[in-house]
Amino acid sequence: MNDAVVASASESGKKVRLHKRSADHPGVDIPGMILLLPASLLLLALFVLPVGYAFYLGFTNITLIGPASVHFHFTGIANVHRLGRDTLFWKSLWLTAVFLAGSVVGVTVVGMALAVVMQRSAAWLRAGVGAVAIVAWMLPPITVAVVWYAFTTSGGTLSLVTPGDGDSLNHFPMLIVTLANVWSTAGFSMLILSSGLRAVPSEVIEAALMEGTARWRIFLSVTLPIMRPTIVTNVLLVTLLSLANFALIYIMTAGGTDNSTDILPVYSYQQGFVFKKLGYGALLGDVLVIISTVFAYLYVRAARQRPVRTRLADGV
Amino acid sequence: MHPVGIRLMPRPYVKIASLLATALLAASILPASGLAAGKTVVTVAYSPTFVFDTNDLAAKWWNSIKDQFEKQYPNAEVKLVPIEGGYDDIVNKLSLLYRSPATTPDVVQIPTPVIAEWVASGYLLPLDSYVAKTDWWQDFPQVIKDEDTFNGKVYAVSSGENDSMLYYNKDMFKKAGLPVPWNPQNWDDILTAARQIHAKVPDVVPMWLMAGTSVGTVGIEMGSGNLLFGSSDSTIYDAATQKWVVDSPGLREVLGFYHSIYSEGLGAKLSDLFSPTAHTVPVTDLIPKAEVAIVLGSNFYGGQWGKLVCAPCWDKATEVEGVAPIPYVKGQAPNVTTTVAGWDYAVAAVTPHPKEAFDLVNLMSNESNSIDMANWSGFVPGSSKFAMAPALINFGPPVNELASKIIADGKILPPLADFEVWSKGLQEATGTMAQHPETTVDQAIGILKDYVTNQLGEDKVETR
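None of the values given here were measured: they were computed from a predicted structure. (Residues numbered from 1 in each chain as written. Chains lettered and ligands numbered in written order. Predicted model: local features only at pLDDT ≥ 70, side-chain atom pairs only at ≥ 80, totals over all residues. Heavy atoms only, no water.)

**Q** Which parts of the structure should I look at to understand the overall build of chain B?
**A** The helix and strand tally for chain B stands at 22 helices and 14 strands. Rg of the C-alpha trace for chain B: 25 Å, near the compact-globule value of 23 Å for 464 residues, within the 12% margin. Residue burial in chain B is summarised as follows: out of 464 residues, 58% are buried. Long-range pairs, those at least 24 residues apart, make up 75% of the contacts in chain B between residues at least 6 apart in sequence. With the model as given, the accessible surface of chain B reaches about 18,700 Å², and the carbon-plus-sulfur share is 56%. Each charge class in chain B can be summarised by its mean position, and for the 33 positive and 50 negative side chains these summaries are 7 Å apart. (Helix = DSSP H or I, 4+ residues; strand = E, 2+ residues; numbered from the N terminus. Rg over C-alpha atoms; globule rule 2.2 N^0.38 Å. Buried < 20%, exposed > 50% of the residue type's maximum accessible area, 1.4 Å probe, protein only. Contact = heavy atoms within 4.5 Å. Areas by Shrake-Rupley, 256 points an atom, 1.4 Å probe, with all protein chains shown as cover. Lys, Arg positive; Asp, Glu negative; His and termini not counted. Charge placed at Lys NZ, Arg CZ, Asp CG, Glu CD.)

As C-alpha cells, this is what we get:
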C-alpha cells in the first residue's frame, strides 16, 4: 500500500514538473526574489538556524545545569553510540510507532464514518455533529487529557461499565492514550474526508448504481479509490499531528510506570528536562525531526497531486 | 512600489500612531531611569503556586516581604519574579534564567536537591561571611547546615524543610484492637498493624505508601527514601567508588516491605498512587474521609486541615489522627528515620549588590517571616529555635511538634545530577510492585539495576 502511494506520488510529481516547464516557466524573476527575501531571512533565522543548532546540540555534552551547562563541547558520535545501546530509546521508538499506527487507523476510520454518516444526514444534524466533532478537535490538549484521565481512572464514568477496579488508564495505558488522541483528532479528519467525499462525482456513483452494484461495493471500489489522495493527505497530517502530541501523553501518564507510554517526544523531554541531559535529549529530538521530515516530505508529494475531478475531466 | 502601510493610513492616524509609539518608548525607558536615580533593585525569583499551601498565602507572604524590605531600605526596591509551574518546571525555568547574567535573579528560592548543580555551575555566591553575622544560623541543626554546604562553603540558607512520619487513624486502630497511641518499633510492627486493619476494618486502605513515577523524586522523598534511610544499608551513591548502588541489603529490605504491602493487598488503589497529585491524595482525600488507616506521609499535612489553609477544613484532625516517627527496619538506634528536603534561599554569584541581596535573605529568615513561611507552606523552619516556637507547634498539632523533633535524625538524598536517574529507577521498581503485586524483590531489584545501567552505563553502578 505504501509502495503504491509513493509510486503514484512520484508519478504525478513528474507530471506537475513537466507541466510547469512547458507552460509556466517564469525565468529569473528578480523583483519576485527581492520580495521573497524578508520571508526567506525570517525562515532562515527562525527555522533553519535553530533546527541546525538543535542538531549540533545533539552531538555535544550540554546539560541543563551543572558545569557542562556553561562549558559544553562537541563529543562526536558519543551520543549516537549511546543511542544505539539505549534499550529505552528502541522501546520508545516502537511505542511511538504503535501510538502512531493506532492513532492513524483510529482517526481515519472514525473520521470516515462520521463523514459518511454526515453526508447522508439532514442538514441540521450535519451541522450539529460537525460542530461537536470540531469542538473536540479544538480543545487544548490539557483539557482532552484531563477529560480522559477522569473518564478512565477509578471513579470515572468508564469504571462503571468495566470489570475490576475500573482503572483502565493504568492497566491499558497505550490503548487509552491512543483512544484519547483518536477522540480529539477525529473531528479534524472528518473535515478533510467530508470535503473528499463531496468531490466524488455523483455521476460515477449513479452509473455504478445503475449497474446494480451493492452500496458497500461502491464504497470500497469506487468511492475509496477516488478519495485516495484525500485519504493519503489525511493519514499524513494525522501522523504529523499525533507525532507532535507530547502534551496529551505527558499530562495523562508522563510516560507511565514501566515506560509503557514513553513515546519519543516524552522520552526526549525526560532526558533533557528531568535528567538535565540536554545534549542527549536534543539528539532524541533530532530523531523526531528526521521522522517528521520524512512524513512531511510524503505529505508535500501527496499534496502536489492534481485533484481527482480535474484528472477525471481530462480523461486521465 | 508604494509604501503600502502609510498610504492606507489616513494622515491623522499616522500622527496618533507615532505619538503612541513615542509614549510606549518613553514608558519602556522610565523604569530604567528610575534605576539611574539610585534605587537598588533586588530581584527575587520564587514559586507563586507550588511552595505555599495556597496561592493567596504565597502572594501575601511575598508582598509582605517586599513591603518590609522597602520600608527598611528606602533606597531599595524588591522586584518579584514569579516562576509558575510544578517542581520540574521551576527547576527548568530557573536553569534557563541562570544561563545569562542579564536574566539571573539576585535572590532565589530553590529546592535543596538541585543546589549542588547550581554551585557546580558557579552560579551561587558563598555566604559564609554573611551567615556568620546573623542571629539564626547558629540554631540550624547539622543536617540542615550540611544540606546548605558544598565543598566546605555555605551556598544557601534553608527557608524550610519537609520530613516524613507515620499518620494513623485512632478510631480504626481501636476497632482493630491496636494500641493507641501507637509507637511502632520496627517495620514488622507496621506490617502487623496493616494486616490487622485489613482483617478487622474492611473497606479502608490499610496503608498508604508512595509508589510509581507520577510525582517523580517527591515520591522518594515522601515514600521509599524514608524506609531506605532506616534500613541496614542506606547508601545510594558510593562516594568512594563514585558508583550508584542498585542492589544492597538495604534496598532489598525496602523492596521487601513494598512486596508485603502490595502482594497482600494492603496498599492503595492504582489511580490514587499513580495520580499526578499522588503526594496530596492522602491529605486532601483519604485521611479526612477516613478511607485510610496508616499513611507514610509528609509533615506538610499538619497545617492543611486548619482554619487558615482549609484544604480541606477538618476540625476533628487532632482528635482522629495520630502521628508516630518511622522506625528503623529492626529497631536500630536512633530508631527514627526520615528524609529531609526543602527549599533554600541563595544569592547569585553575579549579583551587582550582594549586600542588599543577603539583607533580603536575612529579613526573610527572621523569626516571624520564617514561621509564617513554615506554617503557610507546611515546612519545618531551618532554625531549631523557631521550629519549637509555640506559633509553629500550635499551628498544626500534633504534626508540627513531631516534625520539628525528628528533623535532626533525618538524612538528605544525594544532591547529584544523576540522582534523578537512580530515583526514576527506584520509582519504576516500586510502581511495578504496586501495579503487578506478584513482582518479586529480585525482579524489582532487576528493574532498578537495568534502568540505571541503561542510562548511566555498567561502570557507574554497583552491588553492595
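**Q** Can you walk me through the interface of chain A and chain B in this structure?
**A** Frequently, the measure chosen for interface size is the accessible area that the parts lose on association. Between chain A and chain B, the contact holds 35 residues from the first and 33 residues from the second. For the chain A and chain B pair, buried surface summed over both sides reaches about 2,700 Å², with 49% attributable to carbon and sulfur atoms. In terms of surface lost to chain B, no three residues of chain A exceed Ile65, Thr257 and Phe275 of chain A, which account for 24% of the buried area on that side. Along the contact surface separating chain A from chain B lie 1 salt bridge. The salt bridge involving Asp418 of chain B is made with Lys277 of chain A; its shortest N-O contact spans 2.8 Å. (Buried area = accessible area lost by both parts, 1.4 Å probe. Salt bridge = Lys/Arg side-chain N within 4 Å of Asp/Glu carboxyl O.)

**Q** Just to check I follow, could you spell out the packing of helix α13 (residues 228–243) of chain A against helix α16 (residues 278–303) of chain A for this structure?
**A** Residue and element names in this part refer to chain A. Two elements in contact, α13 and α16, have axes separated by 9 Å at closest approach and are oriented at 160 degrees. The angle between α13 and α16 places the two elements in the roughly antiparallel class. Seen from above, α13 lies across α16 with left-handed handedness. Contacts from Val232, Thr233, Leu236, Leu237, Thr239, Leu240 and Leu243 in α13 reach Leu288, Ile291, Ser292, Phe295, Ala296, Leu298, Tyr299 and Ala302 in α16. (Axes fitted to C-alpha atoms, helices over the stretch in contact; angles between N-to-C directions. Parallel < 35°, antiparallel > 145°, perpendicular 65-115°, else oblique. Left-handed = near helix turned anticlockwise from the far one by under 90°.)

**Q** I would appreciate a short explanation of the state of the cysteines in the present structure.
**A** Each disulfide consists of a covalent bond between the sulfur atoms of two cysteine residues. All names here are of chain B. Applying the stated criterion across every chain, the model contains 1 disulfide over all chains. In this model Cys310 forms its disulfide with Cys313; the gap between the sulfur atoms is 1.9 Å. Taking the sign of the torsion about the S-S bond as the criterion, the disulfide between Cys310 and Cys313, at about 115 degrees, is right-handed. A residue is classified by how much of its surface remains accessible, and Cys310, at 29% relative accessible area, is partly exposed. (Disulfide = S-S within 2.5 Å.)

**Q** How do you make sense of helix α4 (residues 87–97) of chain B when you look at a structure like this?
**A** Two residues of an α-helix separated by three or four positions point the same way, owing to the 3.6 residues in each turn. All of the buried residues along α4 of chain B are Tyr87, Ile90, Val91, Asn92, Leu94, Ser95 and Leu97 of chain B. Residues of α4 of chain B that are buried in the fold lie against α15 (264–274) of chain A together with β1 (40–46), β3 (107–111), α5 (115–120) and β13 (341–347) of chain B.

**Q** What is the right way to look at the side chain of Asp262 of chain A in this model?
**A** Take Asp262 of chain A: it is sitting in the loop between α14 (246–252) and α15. Although Asp262 of chain A lies buried, it forms no salt bridge, and the closest oppositely charged side chain, Lys424 of chain B, sits 4.7 Å away as judged by the N-O distance. Looking at Asp262 of chain A, its side chain comes within polar contact range of the main-chain nitrogen of Tyr267 of chain A, at 3.5 Å. Once residues lying within four places of it in the same chain are set aside, the contact partners of Asp262 of chain A are Leu88, Ser92, Leu95, Gly255, Tyr267 and Gln270 of chain A. (Polar contact = N/O pair within 3.5 Å; in protein donor to acceptor, adjacent residues only side chain to side chain.)

**Q** When you look at the sheet that holds β13 of chain B in this model, what are you seeing that I'm missing?
**A** Within a beta sheet, neighbouring strands are joined by backbone hydrogen bonds and run either parallel or antiparallel to one another. All names here are of chain B. Taken together, 5 strands build an open sheet; the order of strands is β2-β1-β3-β13-β6 and the sheet is mixed. The strands lining the two open edges of the sheet, one partner per strand, are β2 (76–82) and β6 (157–162). Taking each pair of neighbouring strands and ignoring which way they run, the sheet shows an average axis angle of 20 degrees. Relative to β13, β3 runs antiparallel, the two being bridged by 5 bridges. From the neighbouring strand, Pro111 faces β13, where its bridge partner is Trp343. Contacts from helix α3 (residues 55–72) reach β1, β2, β3 and β13, with the element oriented near 165 degrees to β2. (Pairing = 2+ DSSP bridges.)

**Q** Looking at this structure, how should I read a nonpolar patch on the surface?
**A** Residue and element names in this part refer to chain A. Together, Leu37, Leu41, Leu43, Leu44, Phe47, Val48 and Leu49 make up a nonpolar patch on the protein surface, roughly 690 Å² of accessible area in all. By the secondary structure assignment, Leu37 is in helix α2 (residues 30–57). Residue class for Leu37 comes out partly exposed when judged on its relative accessible area of 47%. (Patch = residues over 30% accessible without salt bridge, like charges linked within 9 Å, V, L, I, M, F, W, Y side chains within 5 Å.)

**Q** Can you walk me through the sheet that holds strand β10 (residues 243–247) of chain B in this structure?
**A** Residues and elements named next belong to chain B. Strand order across the open sheet formed by 3 strands is β9-β10-β14, with mixed pairing between neighbours. The open sheet has two free edges, formed respectively by β9 (237–238) and β14 (461–463), since each of these has just one partner strand. Here β10 pairs with β14 via 3 bridges, running parallel. Of the residues in β14, the one forming a bridge with Trp244 is Val461.

**Q** Any chance you could explain the packing of aromatic side chains here in plain terms?
**A** In this description, an aromatic ring pair is defined by two values, namely the gap between the centres and the angle between the planes. Within this structure, the stated rule accounts for 35 aromatic pairs over all chains. Taken together, a centroid distance of 4.8 Å and an interplanar angle of 80 degrees make the contact between Trp61 of chain B and Trp62 of chain B edge-to-face. Neither residue differs from the other here; Trp61 of chain B and Trp62 of chain B are each classed as buried. Plain terms: the ring middles of Tyr98 of chain B and Tyr123 of chain B are 5.3 Å apart, the flat faces sit at 40 degrees to each other, and that makes the pair tilted. One end of the pair, Tyr98 of chain B, is in the loop between α4 and β3; the other, Tyr123 of chain B, is in the loop between α5 and α6 (128–131), with 25 residues separating them in the sequence. One exposure class covers both Tyr98 of chain B and Tyr123 of chain B, and it is buried. Ring pairing ties together the aromatic residues Tyr130, Trp136, Trp137, Phe140 and Phe358 of chain B, which thus form one cluster. It is Arg82 of chain A that lies over the ring of Tyr280 of chain A; its NZ or CZ is 3.9 Å from the centre. (Phe/Tyr/Trp six-rings, centres within 6.5 Å; stacked < 30°, edge-to-face > 60°. Lys NZ or Arg CZ within 6 Å of the ring centre and 35° of its normal.)

**Q** What's the story with the layout of surface pockets in this structure? I'm lost.
**A** Space left empty within the atom packing is revealed by a probe, the size of a water molecule, rolled over the atoms. There is about 1,100 Å³ of room inside the largest pocket. Forming the walls of the largest pocket are 41 residues, and the residues nearest its centre are Tyr250 and Ala254 of chain A together with Thr213, Ser214 and Val215 of chain B. If you list the elements that add at least two residues to the lining of the largest pocket, you get α9 (168–171), α14 and α15 of chain A together with α4 and α21 (419–435) of chain B. Taken together, the residues of the lining of the largest pocket sort by class into 17 nonpolar, 19 polar and 5 charged. In this model, the second largest pocket occupies a volume close to 870 Å³. Taken together, 35 residues line the second largest pocket, and the ones lying closest to its centre are Arg82 and Lys277 of chain A together with Asp418, Leu456 and Lys460 of chain B. Listing elements by their share of the lining of the second largest pocket, those giving two or more residues are α3 (67–70), α4 (78–85) and α16 of chain A together with α5 and α22 (441–456) of chain B. Here the lining of the second largest pocket is built from residues that sort into 14 nonpolar, 12 polar and 9 charged. (1 Å grid on protein atoms, 1.4 Å probe; cavity = no way out; pocket = protein on both sides within 12 Å on 5 of 7 lines; lining within 4 Å. Points joined across faces, edges and corners; volume = space filled by probe spheres on them. Nonpolar A, V, L, I, M, F, W, Y, C, P; charged D, E, K, R; others polar.)

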